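Fold and geometry: a report
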Amino acid sequence: MSPYSAPNASRPPLRVALAGIGVVGGGVVRLLEANRDLIARRAGRAIEIIAISARDRHRDRGIDLTPYRWEDDMGALVADDDVDVVVEMIGGADGAALTLARQTLGAGKALVTANKAMIAHHGLDLARLAEQTDTPLKYEAAVAGGIPVIKAIREGASANEIARVYGILNGTCNYILTRMERDGAGFAEALAAAQAEGYAEADPTFDVDGIDAAHKLSILAALCFGTKLDIDAVTANGIRNIIAADIREAEALGHRVRLIGMAERDSAKNGGGLYQHVQPCLVPADHPLAYVPGALNAVVAEGNFVGRLFFEGAGAGAGPTASAIVADIIDIARDEYGPAFAMPVDALDQAPTADAGARIGKHYVRLIVEDRIGVLAEIATAMRDAEVSIESFIQRGTDGGDGGSEDGVVIAIVTHEGPASAIHAALDVLAASDHVVGTPMHMPILAL
Ligand SMILES: NC(=O)c1ccc[n+]([C@@H]2O[C@H](COP(=O)([O-])OP(=O)(O)OC[C@H]3O[C@@H](n4cnc5c(N)ncnc54)[C@H](OP(=O)(O)O)[C@@H]3O)[C@@H](O)[C@H]2O)c1
């Protein structure tokens, strides 16, 4: 059948089962209902929800689900002969989501998922299973929600060697940091605001400690570099230790603080190692990432022929996430699919982990110290002994209740370029000092 055939000419509808009818699942139902005709014309055939499943059949979800067959047992979605595609919107790296994913692909049915934790931890196994049963595995919504970055990198930029991919991969953290910037608020206050407005969970650990961003980064890295996905090789530092003074100092230096996930591959000459790190960084105020407001996400990919690509949009929410999921379903309806990570799993490289300590750059260091004679000399000595060269050194006086610093003085240091390992060595010494209050903070100053 030609792809130029009129919609619905003779192709049967694509029959979809939805597993998980929460924020995302509800959005998918609404989107498929609202744009039904347009989607059928674009997909070349109708897309029909055949069956749905979640934990609690009686929960009010604010949508009329009576047109759809309810299955208490998720396994029935796979067993039903009339289901072509299972859409997993349950969540969690393991458990019910993983069982369903394996059953679906094992049965040769297409799987669409929004589940970054599951793809980050089990993506290679699932991709291999999809190859064995020759069925699609699609996960656009798992990275940066509504931004079609997987498709853009996998297809639009597929001719390029990509040396570096980085971005703002967690909307909750970006909301908190931009709120701190706008209001001069401390971390706790900005987190409370994020929770009150529904941008942060009651337990914000996954977001604020960088784990969610690490999941997305590991997926992007595999796709961009053609390497085997390795979540254990991603290191993550979150934003809990950032205080209002850090935001102010960054601004004074012409920068903004952003939680950045960055993956970079060394050249083959330098061992081809892969650096994958999520951490707060100082981003130059004139870089597009510095302008990403509130809960948005943004991804930058640098290709050797296309140059810098910049993608921005909503990284979460019912509508944007449903948009990404339904785009995957439309691809399946058109029979447009291929290897999940753009090449078969066996063609992906096993990259060594690059030495993060050897990365050269400038750093911002912030310490809160007791206001007494000799402390500045102690800092200078620790820096000198670790061979950290200081470009600027600012003492701001008492910081007034910001991040527990009421008894201390804020010292903000900018280093000259040097290896990250030297900063770590200096901070290990200073963290152990009786005169340093709390945990020293350091952030790379990105030269982008
Ligand atoms: N929310 C977003 O903006 C967003 C963005 C991108 C990606 N994602 C991903 O999308 C997935 C779903 O997120 P969500 O925000 O929609 O979550 P959610 O609102 O908590 O919904 C989860 C759904 O899964 C069902 N469920 C949970 N555990 C189950 C189990 N053991 N067996 C059967 N059903 C189970 C729940 O059933 P009940 O309703 O009956 O409790 C609920 O319908 C996650 O992987 C998440 O990371 C979310």
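Just so it is clear, the structure is predicted and the values come from calculations on it, not from any experiment.

Glancing now at the side chain of D246. Along the chain, the position of D246 falls in helix 11 (residues 244-252). You can call D246 buried: its relative accessible area is 0%. If near-sequence neighbours (up to four positions away) are discounted, D246 is found in contact with N241, V257, Y364, R366, M441 and M443.

Turning our attention to the pairing of strand 2 (residues 47-53). With six of seven residues buried, strand 2 is to be regarded as a mostly interior element. Bridge count for strand 1 (residues 14-19) against strand 2 is six bridges, and the pairing is parallel. Residue pairing for strand 2: V16 is matched across the bridge by I49. Sheet topology places strand 2 next to strand 3 (residues 69-70); two bridges connect them, and they run parallel.

Turning to the pattern of salt bridges, a few remarks are in order. The full count for this structure, using the stated rule, is 27 salt bridges. Of the charged contacts, one joins R154 and E155 as a salt bridge, the two residues approaching to 3.7 Å between their closest N and O atoms. Here E302 ties to R164 by a salt bridge, and the two come within 3.1 Å at their closest N and O atoms. Of this pair, E302 sits in strand 11 (residues 296-303) while R164 sits in strand 7 (residues 162-168), and the two are 138 residues apart along the sequence. When its relative accessible area of 15% is taken as the criterion, R164 is described as buried. Ionic contacts of the salt-bridge type, sharing partners, join the residues K138, K151, R154, E155, D331, R334 and E336 into one network.

Right, let's talk about the site of the ligand for a bit. Near the ligand lie 22 residues; those nearest to it are V24, D56, R59, R61 and G317. For the ligand, an oxygen atom lies 2.3 Å from a polar atom in the side chain of R59. A distance of 2.6 Å separates an oxygen atom of the ligand from a polar atom in the backbone of G317. In isolation the ligand has 900 Å² of accessible area, and contact with the protein removes 77% of it. Residues of the shell around the ligand, tallied by class, amount to eleven nonpolar, six polar and five charged.

Working note: α-helix, 3.6 residues per turn, so residues spaced by three or four point in the same direction. For helix 7 (residues 171-183), with 13 residues, the first-to-last C-alpha span of 18 Å sits near the 18 Å given by 1.5 Å per residue. Counting buried residues along helix 7, ten of its 13 residues qualify, which places the element largely inside the surrounding structure. Of all the residues in helix 7, the buried ones are G171, T172, C173, N174, Y175, I176, L177, T178, R179 and M180. Buried residues in helix 7 make contact with strand 7, helix 8 (187-196), helix 9 (205-208), helix 11, strand 9 (255-265) and strand 11. A distance of 3.2 Å separates the backbone nitrogen of T172 from a side-chain oxygen at the start of helix 7, and that oxygen is part of N170.

Conventions we followed
- Residues numbered from 1 in each chain as written.
- Predicted model: local features only at pLDDT ≥ 70, side-chain atom pairs only at ≥ 80, totals over all residues.
- Heavy atoms only, no water.
- Helix = DSSP H or I, 4+ residues; strand = E, 2+ residues; numbered from the N terminus.
- Buried < 20%, exposed > 50% of the residue type's maximum accessible area, 1.4 Å probe, protein only.
- Contact = heavy atoms within 4.5 Å.
- Pairing = 2+ DSSP bridges.
- Salt bridge = Lys/Arg side-chain N within 4 Å of Asp/Glu carboxyl O.
- Near = heavy atom within 4 Å.
- Polar contact = N/O pair within 3.5 Å; in protein donor to acceptor, adjacent residues only side chain to side chain.
- Areas by Shrake-Rupley, 256 points an atom, 1.4 Å probe, with all protein chains shown as cover.
- Nonpolar A, V, L, I, M, F, W, Y, C, P; charged D, E, K, R; others polar.
- Expected span 1.5 Å × (residues − 1).

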